[in-house]
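# A closer look at the structure
Given next are the chains, with one letter for each unit.
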Amino acid sequence: SISELLHLLSEKHQLSLSAYEKILQERTEEDEELARSLAKECTEKHYGNGVYTRGLIELTNYCKNNCYYCGIQRENAEVERYRLFKEEILSCCEEGYRLGFRTFVMQGGEDPYFTDERIVDIVTAIREAYPDCAITLSIGEKSRESYEKYYKAGVNRYLLRHETADEEHYQYLHPKELSWKRRMRCLQDLKEIGFQVGCGFMVGSPHQTVKTLAKDLYFIQEFQPDMCGIGPFIPQHATRFAKEKAGSLRETLFLLALLRLIKPNLLLPATTALGTIDEHGRELGILSGANVLMPNLSPTEVRKKYLLYDNKICTGDESAQCRADLEKKMKAIGAELLVDRGDAKKEKESE
Ligand code: 5AD
């Protein structure tokens, strides 16, 4: 039965591809509740009630790619493009540090303006100013040589969502010039270089099926990333997926719980997209096994321009400046925001 499979997963942290398919296909509301409670227990065992935070700095909304789902795709002429300069980035970090952030995530479109030299220059400055902080980059596909330069400059972590573990599905979501194999190569390179690596996918993206989702779970079981970012797909009005339906809260929460059971020490964010489809999305994410929040630390003027999807929350307490409010909301659900780099804990043997 599904409940037996869920118990098995929580003990062994691995299942066959077909078992994942079966779970995704046949689970009932009670099974979801079971997954949630097993995941919560597992999170507590590894991380207690602590929640890690990262300050998210949205570096640039220029992008040379044209991912069909994404609001900042190069062909979207509605986007007012911007870039942050080194001084602006450093003042984001300064404010972030004061607010209690000890990880800075620099995320952006694939913007050729940010050459390796410019990235290394920015990273070097942050590394020097904040030796006790972790630096995360999320700027897309690069050559192994480029990744090596970033690593040497002091970058600790790299986020590159795999988007889908099914090659055909990947091609449905991206133009021909983008390749699933290249993306997989990048993830492999990042891991071999020594980064803590994050992958991830959207829940409910167009043409996603129980089969492709089962592959995502199996991929994560095999790849063993340090982090995994998932959130519901949310249509953006200027993209070809404008009329598609959004991923659901319920499905996202169930997948968060499964991911926690697959990798007990996984760094698992309750994402902005989850907070966008439901007012309490992030709290519910934490209650389903997530243990990371990534409030927005970008300068206020640019936040409205970094819109990957419609209705993205960007003026309320998802902002880094409202850390105190977030802290209260977490307290209310029995969780505690930590002032900590938030590295993954060592894997504990389950007795
Ligand atoms: N809805 C939800 N998530 C999206 N992303 C991009 N566009 C959307 C969208 N319309 C996600 C992708 C990307 C990450 C930065 O944001 O998974 O990797």
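Above this text you will find the structure in question.
A short tour of the structure in this document, coming up. Predicted, not measured: the structure shown is a model, and the values here were computed from it.

## Describing unusual backbone geometry
With a phi close to 50 degrees, Gln224 is a non-glycine residue in the positive phi region. According to the relative accessible area criterion, Gln224 is partly exposed, its value standing at 31%. Even without being glycine, Asn311 reaches a positive phi, approximately 65 degrees. When you line up the elements, Asn311 lands in the loop between helix 13 (300–303) and helix 14 (323–332). Using a relative accessible area of 69% as the deciding quantity, one classes Asn311 as exposed.

## A few points about the sheet that holds strand 8 (residues 292–293)
Ordered in space as 8-1-9, the 3 strands form an open sheet in which the pairing is parallel. Only two strands of the sheet have a single neighbouring strand rather than two, namely strand 8 and strand 9 (336–337). Both strand 1 (residues 50–53) and strand 8 contribute to a ladder of 2 bridges, which runs parallel. Note that in strand 8 the partner of Tyr52 across the bridge is Val292.

## Section: the pattern of salt bridges
Using the criterion set out here, one finds 28 salt bridges in the structure. Between Lys305 and Glu80 there is a salt bridge whose closest N-O contact spans 3.2 Å. With Lys305 in the loop between helix 13 and helix 14 and Glu80 in the loop between strand 2 (55–60) and helix 4 (86–99), this residue pair connects regions lying 225 residues apart in the sequence. A relative accessible area of 24% places Lys305 in the partly exposed class.

## Let's talk about the site of the ligand
Contacts to the ligand come from Tyr69, Cys70, Arg161, Glu163, Met202, Pro232, Phe233, Ile234, Leu308 and Tyr309. The side chain of Arg161 places a nitrogen or oxygen atom 2.9 Å from an oxygen atom of the ligand. Here a nitrogen atom of the ligand sits 3.4 Å away from a polar atom, N or O, in the main chain of Leu308. In isolation the ligand exposes 410 Å². Once the protein is present, 88% of that is buried.

## Re the packing of helix 1 (residues 2–12) against helix 10 (residues 249–262)
Contact geometry of helix 1 with helix 10 gives a least axis separation of 7 Å together with a crossing angle of 45 degrees. As summarised for this structure, helix 1 and helix 10 are arranged oblique, according to the angle between their axes. For the pair helix 1 and helix 10, contact is made by Leu6, Leu9 and Ser10 and by Leu258, Leu261 and Ile262, respectively. Taken together, the residues that form the contact of helix 1 with helix 10 break down as 5 nonpolar, 1 polar and no charged.

## Things to note about the sheet that holds strand 6 (residues 196–203)
Judged by pairing direction, the sheet is parallel, and its 6 strands sit side by side in the order 2-3-4-5-6-7 without closing on themselves. Strand pairing shows two members of the sheet lacking a second neighbour, strand 2 and strand 7 (227–232), which therefore form its edges. Ignoring which end each strand starts from, the neighbouring axes of this sheet average 20 degrees apart. Where strand 2 lies against strand 3 (residues 103–108), 5 bridges are found, and the strand directions are parallel. Residue pairing in the sheet places Ile57 in a bridge with Met106 of strand 3.

Conventions we followed
- Residues numbered from 1 in each chain as written.
- Predicted model: local features only at pLDDT ≥ 70, side-chain atom pairs only at ≥ 80, totals over all residues.
- Heavy atoms only, no water.
- Buried < 20%, exposed > 50% of the residue type's maximum accessible area, 1.4 Å probe, protein only.
- Helix = DSSP H or I, 4+ residues; strand = E, 2+ residues; numbered from the N terminus.
- Pairing = 2+ DSSP bridges.
- Salt bridge = Lys/Arg side-chain N within 4 Å of Asp/Glu carboxyl O.
- Near = heavy atom within 4 Å.
- Polar contact = N/O pair within 3.5 Å; in protein donor to acceptor, adjacent residues only side chain to side chain.
- Areas by Shrake-Rupley, 256 points an atom, 1.4 Å probe, with all protein chains shown as cover.
- Axes fitted to C-alpha atoms, helices over the stretch in contact; angles between N-to-C directions.
- Parallel < 35°, antiparallel > 145°, perpendicular 65-115°, else oblique.
- Contact = heavy atoms within 4.5 Å.
- Nonpolar A, V, L, I, M, F, W, Y, C, P; charged D, E, K, R; others polar.

Geometric descriptors of this kind do not, in isolation, establish any biological role.
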